[in-house]
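Chain by chain, the residues run as shown.
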Amino acid sequence: MQLHLTPDAEFFRDTTAKFLSEHAAPAEIRRRRDDPAGFDTRYWELGAQLGWTSLLVDEEHGGGSLSGDGLADLTLVADEFGRHAAPGPLVPTSVVAGALSEFSADRQGELLAGMLAGTSIASWCHLEPRPNDGLDGLALEIRVDGPDVVLNGVKRPVESGARASHLLVSGRTGGGLTQVLVPAGTGGISMRPMHTVDLTRRFSEVAFRDVRVPADAVLGEVGGAGAQVERQLLQAVVVANAETVGAMQHALDMTLAWAFDRYSFGRPLASYQELKHRFSDMKSWVEAGHAISDLAAQAVSAGSPEGAELASAAKAFLGQYGPELLQDCVQMHGGIGLTFDHDIHLFLRRVALNRSLHGTPSQHRRRIASIMCGRIGAP
Amino acid sequence: MSAETQEDVERFRRRARSWIRANLEPAAAGASAGVLRNNSTDQEELAEVAHERELQRRLFDAGFAGICFPVAYGGRGLTPAHQLAFNEELTGHEYPVRLQAPTFSPCAAVILDFGTEEQKLRHLPAILRGDELWMQFLSEPGGGSDVAGAQTTAVRDGDEWVLNGSKVWTTGAWWSDWGLCLARTNWDVPKHRGLSVFMLPIHQPGVDVHRIEMLNGTKEFCQEFLTDVRVPDADRIGEVDDGWTVGIRWMFHERMLHNSPYVTVPAGDAHAGIGASSVLRVARDSGTLDDPWVQEMVGEARMLQLTTEALQQRLTEGMRSGAMSDQSAAIGRLFSGVVSTRTNTLAFEIAGAGGGAWTDDDAALADCGSDFLMRQVSTIGGGTTEMARNVISERVLGMPRERTLDRNVPFRDVPRGGKS
């Protein structure tokens with residue numbers, strides 16, 4: 001999170017923080033582990049009233065941001081989501097609402113209004129099984145057939161797929177990419193729930209078998225959606241990054257407090273140099289995480305040419321050091337850190353989940369290398 | 001210059017850009033490659049120092065020296081944002097690399113913080129013109145990290161002080177002009193309360209400069225032996241026995257080093273180490289760029305570099321605004337040190353067998369092995385990362401201090417190893 005927030009931004013952040021402390025306390029999150037949705041409608045509606053769903057939507061379509069930089073404002077919400085390991089489909093809602101606002105607000109006004117109010121959920125079907133997993137290519141095929149488009153392929157993991165009334169699906173049309181908004185009840189769609197490391201996020205595998213929708217369900221151009229899909233991916237990465245940093249920050253704060261409280265051999269854990277030095281390393285990772293995450297958010301939001309490289313750098317860094325930090329926090333807690341009753345695993349779950357979605361550190365490192373090679377004209 | 005009359009950053013940037021392009025040569029290929037490589041003769045080295053002094057003079061004459069130094073001392077009185085803009089425009093060009101650290105930070109920064117008006121007027125404009133190169137006479141053979149345990153002694157004799165002892169790890173003292181020297185002026189009080197700081201010319205009778213050969217053959221680091229060196233009391237900086245007050249800021253400026261707003265360095269440059277572009281060159285010259293594992297390693301190097309830069313910006317901004325304490329500089333020191341060793345290892349890994357044995361035709365692969373041997377310089381030089389971890393845990397996170405045996409006892413009674 002940025003070091004200096006305007007009073008408005010601080011108020012905005014604080015409102016979400018207070019709301020989550022009340023409605024997404026650790027006990028509540030534990031309680032929802034078997035809840036099929038992971039969150040209740042009322043919670044999401046109240047969150048929507050706090051501004052969670054509107055930040056990437058244009059003002060003329062009922063959205064709007066606080067600072068004029070919606071993605072930056074969204075990172076404040078995401079940071080708090082991380083600090084609370086909060087439930088709710090923040091990434092897919094933001095990405096899909098933003099895309100609808102840009103390409104389909106006139107046709108999908110009702111859906112968009114519902115999403116803004118928190119009463120409708122639409123999910124983003126982008127990631128696929130490897131090797132064409134949404135980062136290194138896509139396998140789902142979107143074919144034009146007369147007045148329709150026809151979808152064939154599999155998307156997974158799809159967040160909140162089972163709760164969604166609509167699915168924004170990305171796929172390949174010849175050499176280009178296409179995005180289609182598909183009602184979740186369309187014939188040929190089958191879903192099955194997936195297991196996940198997170199306690200409240202829910203994922204489905206969604207199979208599309210000759211799914212046919214009218215061509216006006218396409219967002220933007222058939223075969224010309226490459227840039228918009230890439231932008232959506234960068235937005236997803238930025239939001240997930242901010243969430244990871246928030247979780248890292250909270251885990252470090254928690255573990256530091258524990259180190260002061262816990263005594264062994266007549267001394268607090270905090271007095272052992274071996275542990276002090278590890279806390280220093282963790283502090284450096286958290287500060288570096290805030291720094292690269294914010295810088296990437298800024299660049300992506302501004303549409304700057306450095307956006308892709310910075311977003312990948314942030315994702316690779318946080319994907320590597322987020323789980324590393326959380327595991328070390330578990331280690332510092334000892335056995336209790338591995339129990340279900342302790343809170344630390346809520347945050348470990350969230351950073352582990354975020355590490356795996358939208359590109360692993362290894363995939364993003366390769367993306368960075370290819371950007372560097374592009375700059376020098378090497379292979 | 002007041003904020004109202006100050007040139008705005010973008011205007012300054014444009015002016016800097018056109019001056020840099022018109023007046024500075026492109027950086028020599030591979031200029032920033034390698035870890036303290038030994039690749040020039042003494043004569044060549046001296047010629048480069050002379051050239052850099054001249055470059056500094058040109059920067060000064062053009063109004064781009066001491067961007068963040070007050071106008072009264074020859075600087076421009078501008079903000080760190082102006083310095084950053086200048087650094088960004090400087091990327092890819094030659095610049096007076098040897099004059100930056102430790103001359104501008106910590107030495108000139110310490111003079112600015114603690115010098116008398118007379119001392120500042122005497123030295124700061126001379127430094128900004130490239131006339132004075134400074135070294136830190138700080139570390140001693142008897143202790144690296146325990147800086148306040150200095151045993152070099154200054155005894156008062158009328159209006160002068162007489163210094164005896166030894167200092168070490170001064171980079172390039174043999175071609176430098178002045179030393180900023182921490183010395184013990186009182187052995188009968190606890191260690192932090194008996195220190196004072198002096199300024200002295202390096203090339204004078206009584207200062208014996210020895211060059212230390214490092215494991216890769218470089219002889220940039222020096223050790224000085226001080227024998228009855230007389231320093232006028234007017235060249236003492238800070239109060240007598242209160243040298244640690246100066247020392248604390250000195251350490252801060254040392255941790256800031258290349259990230260100090262007083263220092264001019266091309267943005268994205270790796271200092272005394274290897275950056276992502278070197279790793280990319282090694283991958284290219286070893287013909288392994290299409291190997292996904294190598295791509296990952298190149299990407300990791302760049303990820304670490306971008307993250308380090310972002311972190312430094314955050315820390316600089318946080319310390320400037322007061323949102324973070326000055327002790328937070330240790331976070332940047334730790335992170336960049338660790339990143340540097342990792343990046344070095346990545347290059348060595350990509351070089352494959354070329355890291356162990358190479359020919360002069362091996363382009364970027366050549367000397368990767370020697371660089372690897374020198375890897376730890378980035379986590380030792382400028383204060384070890386262990387010290388940085390102590391500072392972060394104790395001063396930033398507020399964790400309990402390490403137990404020491406040298407507090408609240410006269411320094412002469414503190415246990416010491418070896419013969420002393």
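Rules behind the numbers
Residues numbered from 1 in each chain as written. Chains lettered and ligands numbered in written order. Predicted model: local features only at pLDDT ≥ 70, side-chain atom pairs only at ≥ 80, totals over all residues. Heavy atoms only, no water. Salt bridge = Lys/Arg side-chain N within 4 Å of Asp/Glu carboxyl O. Helix = DSSP H or I, 4+ residues; strand = E, 2+ residues; numbered from the N terminus. Buried < 20%, exposed > 50% of the residue type's maximum accessible area, 1.4 Å probe, protein only. Axes fitted to C-alpha atoms, helices over the stretch in contact; angles between N-to-C directions. Left-handed = near helix turned anticlockwise from the far one by under 90°. Contact = heavy atoms within 4.5 Å. Nonpolar A, V, L, I, M, F, W, Y, C, P; charged D, E, K, R; others polar. Domains from an automatic or database assignment. Buried area = accessible area lost by both parts, 1.4 Å probe. Polar contact = N/O pair within 3.5 Å; in protein donor to acceptor, adjacent residues only side chain to side chain. Phe/Tyr/Trp six-rings, centres within 6.5 Å; stacked < 30°, edge-to-face > 60°.

Moving on, we come to the pattern of salt bridges. Evaluated as defined, the whole model comprises 62 salt bridges over all chains. The residue arginine 278 of chain A makes a salt bridge to aspartate 328 of chain A at a minimum N-O spacing of 2.9 Å. Separated by 50 residues along the polypeptide, arginine 278 of chain A in helix 8 (residues 273–301) and aspartate 328 of chain A in helix 9 (residues 307–333) bring together distant segments of the chain. Its salt-bridge partner being arginine 122 of chain B, residue aspartate 235 of chain B comes within 3.3 Å of it at the nearest N-O pair. In this pair, aspartate 235 of chain B is assigned in the loop between strand 7 (221–232) and strand 8 (236–237) and arginine 122 of chain B in helix 5 (residues 117–128), connecting sequence segments 113 residues apart. Since its relative accessible area comes to 8%, aspartate 235 of chain B is described here as buried. Since its relative accessible area comes to 45%, arginine 122 of chain B is described here as partly exposed.

Take the packing of helix 9 (residues 329–351) of chain B against helix 12 (residues 385–396) of chain B next. Residues and elements named next belong to chain B. Direction vectors running N to C along helix 9 and helix 12 enclose 145 degrees, while the axes themselves pass 9 Å from each other. Judged by the sense of rotation from one axis to the other, the crossing of helix 9 with helix 12 is left-handed. Where helix 9 abuts helix 12, its residues Ala330, Ile331, Arg333, Leu334 and Val338 lie against Thr385, Ala388, Arg389, Val391, Ile392 and Val396. Residue classes in the contact of helix 9 with helix 12 are distributed as eight nonpolar, one polar and two charged.

Our focus in this paragraph is the domain arrangement of chain A. All names here are of chain A. For chain A, the domain assignment lists domain 1 (7–88 + 108–117), domain 2 (122–219) and domain 3 (226–376). Computed over C-alpha atoms, the centres of domain 2 and domain 3 are 29 Å apart. The interface of domain 2 with domain 3 comprises 21 residues on the first partner and 22 residues on the second. Between domain 2 and domain 3, the buried area comes to about 1800 Å², and carbon and sulfur atoms account for 58% of it. Counting across the domain 2 and domain 3 interface gives two salt bridges. The closest approach of N and O atoms between arginine 201 and glutamate 243, which form a salt bridge, is 2.7 Å. Here domain 2 is connected to domain 3 by eight residue pairs in polar contact (both at pLDDT 80 or more). Elements with a contribution of two residues or more to the side of domain 2 that touches domain 3: strand 4 (166–173) and strand 5 (176–183). Its residues assigned to classes, the side of domain 2 that touches domain 3 shows ten nonpolar, six polar and five charged.

Here the focus is the interface of chain B and chain A. The interface of chain B with chain A comprises 40 residues on the first partner and 42 residues on the second. For the interface between chain B and chain A, the tally reads seven salt bridges. Between glutamate 296 of chain B and arginine 365 of chain A there is a salt bridge, with the nearest N and O atoms lying 2.8 Å from each other. Counting across the interface, chain B meets chain A through 14 residue pairs in polar contact (both at pLDDT 80 or more). For the side of chain B that touches chain A, the secondary-structure elements that each account for two or more residues are helix 7 (276–285), helix 8 (292–321), helix 9 and helix 12 of chain B. If you tally residues by element for the side of chain B that touches chain A, the top one is helix 8 of chain B, at 18 residues.

Turning our attention to the domain arrangement of chain B. All names here are of chain B. Looking at chain B, the domain boundaries give domain 1 (135–251) and domain 2 (270–396). On a C-alpha basis, the centres of domain 1 and domain 2 stand 30 Å from each other. Listed as interface residues are five residues of domain 1 and, on the opposing side, five residues of domain 2. Taken together, the two surfaces of domain 1 and domain 2 that pack against each other cover about 510 Å², and 67% of this comes from carbon and sulfur.

A word on the packing of aromatic side chains. Residue and element names in this part refer to chain B. This structure, assessed with the given rule, holds 19 aromatic pairs over all chains. With a centroid separation of 5.7 Å and an interplanar angle of 65 degrees, the aromatic rings of phenylalanine 12 and phenylalanine 64 are classed as edge-to-face. Linking phenylalanine 12 in helix 1 (residues 9–23) with phenylalanine 64 in the loop between helix 2 (42–62) and helix 3 (80–90), this pair joins segments that are 52 residues apart in sequence. According to the relative accessible area criterion, phenylalanine 12 is buried, its value standing at 0%. The class of phenylalanine 64 is buried, set by a relative accessible area of 1%. Aromatic pair phenylalanine 348 and phenylalanine 372: ring centres 4.1 Å apart, planes at 5 degrees, arrangement stacked.

Working note: α-helix, 3.6 residues per turn, so residues spaced by three or four point in the same direction. For helix 3 of chain B, the complete set of buried residues consists of His82, Gln83, Ala85, Phe86, Asn87, Glu89 and Leu90 of chain B. A positive backbone phi angle near 90 degrees is found at glycine 92 of chain B, which sits one or two residues after helix 3 of chain B.

So, about the side chain of arginine 365 of chain A. Inspection of the secondary structure puts arginine 365 of chain A in helix 11 (residues 361–376). Those residues in contact with arginine 365 of chain A that sit more than four places away from it in its chain are Ala316 and Gln320 of chain A together with Gln295, Glu296, Gly299 and Glu300 of chain B.

Okay, unusual backbone geometry next. Excluding glycine, a negative phi dihedral is what most residues carry, and trans is how most peptide bonds are arranged. Following arginine 156 of chain A, the chain continues to proline 157 of chain A via a peptide bond in cis, the omega torsion being -10 degrees. Here proline 157 of chain A is to be found in strand 3 (residues 148–159). Omega for the peptide link from alanine 101 of chain B to proline 102 of chain B comes to 10 degrees, which places this bond in the cis form. Despite not being glycine, alanine 85 of chain A shows a phi value in the positive range, around 50 degrees. Relative to the helices and strands, alanine 85 of chain A is located in the loop between helix 4 (70–84) and helix 5 (90–103). With relative accessibility at 3%, the residue alanine 85 of chain A sits in the buried group. Positive phi, normally seen in glycine, also occurs at asparagine 408 of chain B, with a value near 60 degrees. Structurally, asparagine 408 of chain B is set in the segment after helix 12.

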